[in-house]
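# Structural features, examined
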Amino acid sequence: SLQVVEASLRLDAVASAGFGISRTRMVTLIRQGALRVEWRPVLSPSQLVASGQRLQLEGRGELEIISVAATQRGRWRIGMVRR
């Protein structure tokens, strides 16, 4: 279980924080089709994530978005469970 604060809810930002991979590497993996959202391949790193979604990365497991809440400074506090 993790909690991170991100500037946006973009798929590449949230997934890179959750899986512990650089954002640049995550963009490459997304464009190669290695990341799935709800078991469907996604090719756009700019897609927004929402609470309740599951992200699967080949060879790295699964990340479930538990909660998304705005902070006072205009960022997003995201609760996740990594399996």
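Quick look at the structure, then. Remember, it's a predicted structure, so these values are computed and weren't measured experimentally.

## Comments concerning helix 2 (residues 23-31)
Residues spaced three or four apart along an α-helix face the same direction, because each turn holds 3.6 residues. When helix 2 is considered as a whole, its buried residues turn out to be Met26, Val27, Leu29 and Ile30. The buried residues of helix 2 occupy an angular sector of 165° when projected down its axis, which confines them to one face. Turned more than 90 degrees from where helix 2 packs its buried face, Thr24 and Arg31 sit exposed. Buried residues along helix 2 sit against helix 1 (11-19), strand 2 (35-37) and strand 4 (54-57). Glycine 33 occupies a position one or two residues after helix 2 and carries a positive phi of about 85°.

## Observations concerning the pairing of strand 4
Here strand 2 pairs with strand 4 via 3 bridges, running antiparallel. In the strand pairing of strand 4, arginine 36 is matched with glutamine 56. Pairing analysis gives 4 bridges linking strand 4 to strand 5 (residues 61-70), with the strands arranged antiparallel. Following the sheet pairing, leucine 55 is matched in strand 5 by leucine 63. With antiparallel pairing between neighbouring strands as the criterion, strand 4 and strand 5 make up a hairpin whose turn holds 3 residues, including glycine 59 at a positive phi of roughly 80°.

## Comments concerning the side chain of threonine 71
With respect to the secondary-structure elements, threonine 71 resides in the loop between strand 5 and strand 6 (76-82). Judged by its relative accessible area of 18%, threonine 71 falls in the buried class. Excluding anything up to four places from it in sequence, threonine 71 contacts Val5, Trp76 and Arg77.

## Brief notes about the nonpolar core
Residues Leu11, Phe19, Leu35, Leu55 and Leu57 are the most contacted members of the largest nonpolar core, which totals 21 residues. Here this core takes 4 residues from helix 1, the largest share from any one element. In contact with leucine 11, other than residues within four places in its own chain, are Ile30, Leu35, Val37, Val42, Ser44, Pro45, Gln47, Val49 and Leu55.

Each value, and the rule that gives it
- Residues numbered from 1 in each chain as written.
- Predicted model: local features only at pLDDT ≥ 70, side-chain atom pairs only at ≥ 80, totals over all residues.
- Heavy atoms only, no water.
- Buried < 20%, exposed > 50% of the residue type's maximum accessible area, 1.4 Å probe, protein only.
- Helix = DSSP H or I, 4+ residues; strand = E, 2+ residues; numbered from the N terminus.
- Arc of directions from axis to C-beta.
- Contact = heavy atoms within 4.5 Å.
- Pairing = 2+ DSSP bridges.
- Core = buried A, V, L, I, M, F, W, Y, C linked by side-chain atoms within 4.5 Å.

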